[in-house]
Each structure stands twice: as C-alpha cells, then as structure tokens.
Amino acid sequence: MPLVETREILDAAGAGIGVAAFNIITLEHAEAVVAGAEQVGLPVILQVSENAVRFHDGRLAPISAAAAAIAAGASVPVALHLDHVTSEELLRMAPDCGYSSVMFDAAGRPFADNVAATAAAARFAHEHGLWIEAELGAIGGKDGAPPLGAHEPGARTDPAEAADYVAATGVDALAVAVGSTHARVARDSRLDHGLIARLAVAVPVPLVLHGSSGVPDQEIGRAVRAGITKVNVGTALNIAYTDTIREFLTAPTATRVVDPRPYLTAARTAIAATVASFLQVVATAYDDPDRSAS
C-alpha cells in the first residue's frame, strides 16, 4: 500500500494503545521492520536519524527512496519519519524525500534557545505539511554520552515547563525524559510512570518515549497505559542484527563464508522477530495481566 502519514498512524491509536517507530540504517533494517510489522498485522513507522544520514555520506535521498519503496509494497500502513534532526539543511530536505514527519532536536540547548529553534522548525514543518516532534529534558545516551542520574538537572521533564514549551513552539508531539536512555543495551531502565501520567494531563499532544530498547516489556506497557503514544526503538534492532551475524561468522562451519547473503538473511529475520515483539507489547499494552501494578 502507499506510504501513509505518521499523523494518521498516531491518530488511529486508541487510549492505552501505542505506536512503535523503528530506526533503520541499512536496506536490511527497513525490510526487516516491515516484515515484522506484517507478521503481526500492525502499522509501523520507519525512522531515519541524522546519524544514519551521516553514515550514508550525508545523503538522505537514497535510504529514503529505498525505505519508501519497501513501504509501498507492504501489506500494513507504513510511515517515514526523519529522526533527531539538528541541521536546518537536513530538515529542509524532508518534504522532498517522502517524509511526513520529523523530530527536530534542540534539547541540548538552554530552554529559551530550544524554544526559539524549535518554533522556527515547527513553522517550516507546518508550512510544508510535516508533523513535528521535539524533545524537552535530557534523555541521555545520544552520541555516546552517559545517561544522567535520576536527580541531575534535566533528567526529568517538568510538566508545567512541558506545557509552556508545547504552547510556545507549536509542536505536534513531545519526547520526554522519564527514565529511559538512548543506546542502552541492557533492558533494565525503570520509568517514572507517575510523571508520565502528569505529563499526559499537562501536555495536549502525544508523548514520545525515546530509548525504549533499554526498557523492559512490562515497563513499556505501563508507560503506554500512563500516556505514552509513540515508542522509539533502535538499539534493540542493532543488537539482533550484530549478534546474529557474529554468531553466524564465528560458527565452525563459517570459516570459508564470503557471500554476505546467508548471514544478512539471518540478521534480517532476527530483526523482524524483534520488531514483531515490540509491536505487540506497544499495541496490546492495555491487555497486560499486570495492569493492576500501574
């Protein structure tokens, strides 16, 4: 089916049901994410980050065209999202490369600078039909930075500040700092579910959880029930990808393997299984048997 807009996928999510968005780097990532979504019959968002664009020598169009072509052949709704954009030049490329949404990241700037930069990005986005997400608070773990301690400045998004930020910038969704960390390998993060609930009341736009790879399934389910709508996953796909290839190439029978297709096929299958698992957790959070624990 044709590409759909990110806004459509999010608007279709009911109360207590989230939407999963997966960061892709290679063609195999994109194929696997769509395959995983098709396995469980759920919509999905393909995300390309500024870091991924940098990996592709700064060229946005090739990976975007590949992702769009894969999405066009999918049996489930698929949207394209440009993630963690800090460059205004890259932001301006989004409309012509098939994206219906973008995450503009000025979270590392002082509050006033974040507001000014994000408001300008939101004006451009809306003038060009893009849904725009932003971030407030320090989620940590980006570009190799360590996670923040729970009580360090910015480690938690303040609900009142978040409400002011959304009103001042006009963004369509807000990524919040509630205990998760980008690029976390271990799935041991514990989220502040009370804060998520307060943010959901204070902020009139969908809330986004970044760093979800490091969050256990039950924590993700509770977060969706508390008010998170969009759940971003990236590192978990790379773990599945790399671990599978490593296992394949270190097997005794692999000493003379030179054709990459067998191990890339195995890696793609592993990513698809990871995607299917996350999608089911996010989309069926309201059925969690531990619901009473929230």
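These numbers come from a predicted model, not from an experiment.

S.K.: Hey, could you run me through helix 9 (residues 217–226) in this one?
M.R.: In an α-helix, one full turn covers 3.6 residues, which means residues spaced three or four apart are oriented alike. A large share of helix 9 lies buried, amounting to 8 of its 10 residues. Summarising the contacts, the buried residues of helix 9 are in contact with helix 8 (193–202), strand 8 (228–233) and helix 11 (261–283). Immediately downstream of helix 9, the backbone of G227 shows phi near 145°, a positive value.

S.K.: What's the story with helix 7 (residues 159–169) in this structure? I'm lost.
M.R.: When we look at burial in helix 7, the residues that qualify are P159, A162, Y165, V166 and T169. Considered in projection along helix 7, the buried side chains sweep an arc of 115° and stay on one side of the axis. Every exposed residue of helix 7 that faces more than 90 degrees away from the buried side is listed here: D164 and A167. Taken from the residues just after helix 7, G170 is the one with a positive phi, measuring 75°.

S.K.: Is there a simple way to explain the pairing of strand 3 (residues 78–85) in this structure?
M.R.: In terms of burial, strand 3 is a largely internal element, 8 of the 8 residues being buried. Here strand 2 (residues 44–49) runs beside strand 3; their pairing, made up of 6 bridges, is parallel. Residue pairing for strand 3: V44 is matched across the bridge by V78. Judged from the 3 bridges that link them, strand 3 and strand 4 (residues 101–104) form a sheet pairing that is parallel. Bridge pairing in strand 4 links L82 to V102. In terms of handedness, the path from strand 3 via helix 5 (residues 88–93) over to strand 4 forms a crossover that is right-handed.

S.K.: Sorry if this is basic, but what is going on with the sheet that holds strand 5 (residues 131–136) here?
M.R.: Strand order in the closed barrel formed by 8 strands is 1-2-3-4-5-6-7-8, and the pairing between neighbours is parallel. Averaged over neighbouring strand pairs, the angle between their axes works out to 30° when direction is ignored. Sheet topology note: the strand 6 (residues 173–176)/strand 7 (residues 207–209) ladder contains 2 bridges and is parallel. Each residue of the ladder has a partner; that of A175, found in strand 7, is V208. Lying over the sheet, helix 4 (residues 61–72) contacts strand 2 and strand 3, oriented at roughly 155° with respect to strand 3.

Criteria and thresholds
- Residues numbered from 1 in each chain as written.
- Predicted model: local features only at pLDDT ≥ 70, side-chain atom pairs only at ≥ 80, totals over all residues.
- Heavy atoms only, no water.
- Buried < 20%, exposed > 50% of the residue type's maximum accessible area, 1.4 Å probe, protein only.
- Helix = DSSP H or I, 4+ residues; strand = E, 2+ residues; numbered from the N terminus.
- Contact = heavy atoms within 4.5 Å.
- Arc of directions from axis to C-beta.
- Pairing = 2+ DSSP bridges.
- Right-handed = clockwise from strand over helix to strand, strands pointing away.
- Axes fitted to C-alpha atoms, helices over the stretch in contact; angles between N-to-C directions.

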